[in-house]
Amino acid sequence: LLQSTLRRIRAEHEITYPRAALVKACINRSIRFKNPNEKEELKVSLDENNMNIGYRLGRLFAALEKIQEDANGASTIRDRFGSASSTPSIIFGNLMRLSNHHLAKLEKEKKGLFVIRKRLVGEIVDGVEAKISFPAHLTLENQGRFAVGYYHQMQDFYTKKTE
């Protein structure tokens, strides 16, 4: 079920609420099966303390997509979702370089947004252990965590902040 859902997400380049919920349920059930004392690994909404590499990279991909969208008015990196979730070492180097150009454009045109997006990328990347670079491959469960992390981060962009 997890594999079929991830295949559908890759094919359509879209993560809907039902798909994200299904992936989350599959992963949480697998965790409960392996360790009955553990209730859930993936929460209902964005979990900034989740240090899983798949979840972090999903959040990072969403942040990079949002930076591109803010700078250009549209995003084209979503087409790379499938390869970013399965082989991050190949994709994320280029995406990080590309994001520097988009951030430079934001810095010139929208200084406040530049600071917010740069800080977010820094927080996400700092959450990953320094000794770990982008992994060559992600397991099926980590690909699912990638999808859920991406979905949670994208939803957080459109959630009204109460600060």
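Concerning the overall build of the protein chain
Part 1 of the reasoning: The helix and strand inventory of the protein chain stands at seven helices and zero strands.
Part 2 of the reasoning: Its helices and strands taken in sequence order, the protein chain reads α-α-α-α-α-α-α from the N to the C terminus.
Part 3 of the reasoning: The C-alpha extent of the protein chain, read off along each of the three principal axes, is 50 × 35 × 35 Å.
Part 4 of the reasoning: Taken across its 163 residues, the protein chain has 47% of its residues classed as buried.

Here's the deal with helix α3 (residues 53-72)
Part 1 of the reasoning: The terminal C-alpha atoms of α3 lie 28 Å apart, and with 20 residues this matches the ideal 28 Å at 1.5 Å per residue to within 8%.
Part 2 of the reasoning: For α3, the buried fraction is high: 18 of the 20 residues fall into the buried class.
Part 3 of the reasoning: You can read the cap of α3 off the contacts: a side-chain oxygen lies 2.7 Å from the backbone nitrogen of Gly 54, and it is on Asn 52.
Part 4 of the reasoning: Backbone geometry just after α3 places Gly 73 at a positive phi near 85 degrees.

Considerations on the packing of helix α1 (residues 2-12) against helix α7 (residues 140-157)
Part 1 of the reasoning: Packing of α1 against α7 leaves a shortest axis separation of 10 Å and a crossing angle of 50 degrees. When the interaxial angle is binned, α1 and α7 end up oblique. Judged by the sense of rotation from one axis to the other, the crossing of α1 with α7 is left-handed. Mapping the contact onto sequence places Leu 2, Gln 3, Leu 6, Ile 9 and Arg 10 in α1 and Leu 140, Glu 141, Gln 143, Gly 144 and Ala 147 in α7.
Part 2 of the reasoning: Along the lines of polarity and charge, the residues of the contact of α1 with α7 split into five nonpolar, three polar and two charged.

Description of the pattern of salt bridges
Part 1 of the reasoning: What the rule picks out here adds up to nine salt bridges.
Part 2 of the reasoning: Lys 111 is the partner of Glu 107 in a salt bridge, and the nearest nitrogen-oxygen pair spans 3.5 Å.
Part 3 of the reasoning: Overall, Lys 111 belongs to the partly exposed group, its relative accessible area being 48%.

Quick notes on the rules
- Residues numbered from 1 in each chain as written.
- Predicted model: local features only at pLDDT ≥ 70, side-chain atom pairs only at ≥ 80, totals over all residues.
- Heavy atoms only, no water.
- Helix = DSSP H or I, 4+ residues; strand = E, 2+ residues; numbered from the N terminus.
- Buried < 20%, exposed > 50% of the residue type's maximum accessible area, 1.4 Å probe, protein only.
- Expected span 1.5 Å × (residues − 1).
- Polar contact = N/O pair within 3.5 Å; in protein donor to acceptor, adjacent residues only side chain to side chain.
- Axes fitted to C-alpha atoms, helices over the stretch in contact; angles between N-to-C directions.
- Parallel < 35°, antiparallel > 145°, perpendicular 65-115°, else oblique.
- Left-handed = near helix turned anticlockwise from the far one by under 90°.
- Contact = heavy atoms within 4.5 Å.
- Nonpolar A, V, L, I, M, F, W, Y, C, P; charged D, E, K, R; others polar.
- Salt bridge = Lys/Arg side-chain N within 4 Å of Asp/Glu carboxyl O.

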